[in-house]
Amino acid sequence: MSSYDPQNIFAKILRGEIPCIKLHEDEHTLAFMDIMPQTEGHALVIPKEPAVTLFELSDAAAAACMATVRKIGNAQKKGLGADGVVLMQLNGPGAGQTVPHFHIHVIPGSLADLRKPHATHMADTAHLKTLAEKIIAAL
Ligand code: AMP
């Protein structure tokens, strides 16, 4: 079992210590734009519960995350015209996980887009906000 570092970047986002481009928030989850997206509209869904990987996450938090993933994916389809949405979820450094707070990538596009490296290129913030507005309008 991985121990949870409360100073990880997503924990700081949850506490409001650093900003994010928010798409949706409810009692158990937060959805926001990935700042180094693999496709236009790449979003992340995280639980408020502190867990590093799926294997530490409670069943209730996992279910809450999936409900939010469904909301975001539907809004990406409607708001961005995505004809496909890929989910990606990495568990542990061995899988390539870079932020040690459980998250699900919600990526409008195809499996081919996932073959490009992730977390490499910072996107323009203004452009991310424009995409976020379209997703939010479709929620
Ligand atoms: P993973 O490699 O699965 O742990 O993915 C972590 C993701 O978090 C990557 O896609 C990064 O681009 C993204 N990321 C890192 N820092 C931030 C941040 N401050 N705001 C939004 N997304 C971030």
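Residues numbered from 1 in each chain as written. Predicted model: local features only at pLDDT ≥ 70, side-chain atom pairs only at ≥ 80, totals over all residues. Heavy atoms only, no water.

### A closer look at the overall build of the chain
When helices and strands are counted, the chain shows four helices and five strands. Taken from the N to the C terminus, the helices and strands of the chain come in the order α-β-β-β-α-β-β-α-α. For 139 residues, the compact-globule estimate of 2.2 N^0.38 gives 14 Å, and the chain sits close to it at 14 Å. Seen through its principal axes, the chain has C-alpha atoms that stretch 40 × 30 × 25 Å. Taking all contacts inside the chain whose residues are at least 6 apart in sequence as the whole, residues at least 24 apart take part in 63%. In the structure as shown, the chain presents an accessible area of about 7300 Å², 58% of it carried by carbon and sulfur atoms. Looking at the chain, you have 12 positive and 14 negative side-chain charges, and the mean spots of the two groups are 5 Å apart. (Helix = DSSP H or I, 4+ residues; strand = E, 2+ residues; numbered from the N terminus. Rg over C-alpha atoms; globule rule 2.2 N^0.38 Å. Contact = heavy atoms within 4.5 Å. Areas by Shrake-Rupley, 256 points an atom, 1.4 Å probe, with all protein chains shown as cover. Lys, Arg positive; Asp, Glu negative; His and termini not counted. Charge placed at Lys NZ, Arg CZ, Asp CG, Glu CD.)

### Details of helix 2 (residues 59-80)
Residues separated by three or four positions in an α-helix point in the same direction, a consequence of the helix having 3.6 residues per turn. Here helix 2 spans 31 Å end to end across 22 residues, near enough to the 32 Å set by a 1.5 Å rise per residue. For helix 2, the set of buried residues is Ala61, Ala64, Cys65, Thr68, Val69, Ile72, Gly73, Ala75 and Gln76. Buried-residue contacts for helix 2 involve strand 1 (22-25), strand 2 (29-33), strand 3 (43-47), strand 4 (85-88), strand 5 (104-108) and helix 4 (125-137). Count one or two residues on from helix 2 and you reach Gly81, which has phi positive near 75°. (Expected span 1.5 Å × (residues − 1). Buried < 20%, exposed > 50% of the residue type's maximum accessible area, 1.4 Å probe, protein only.)

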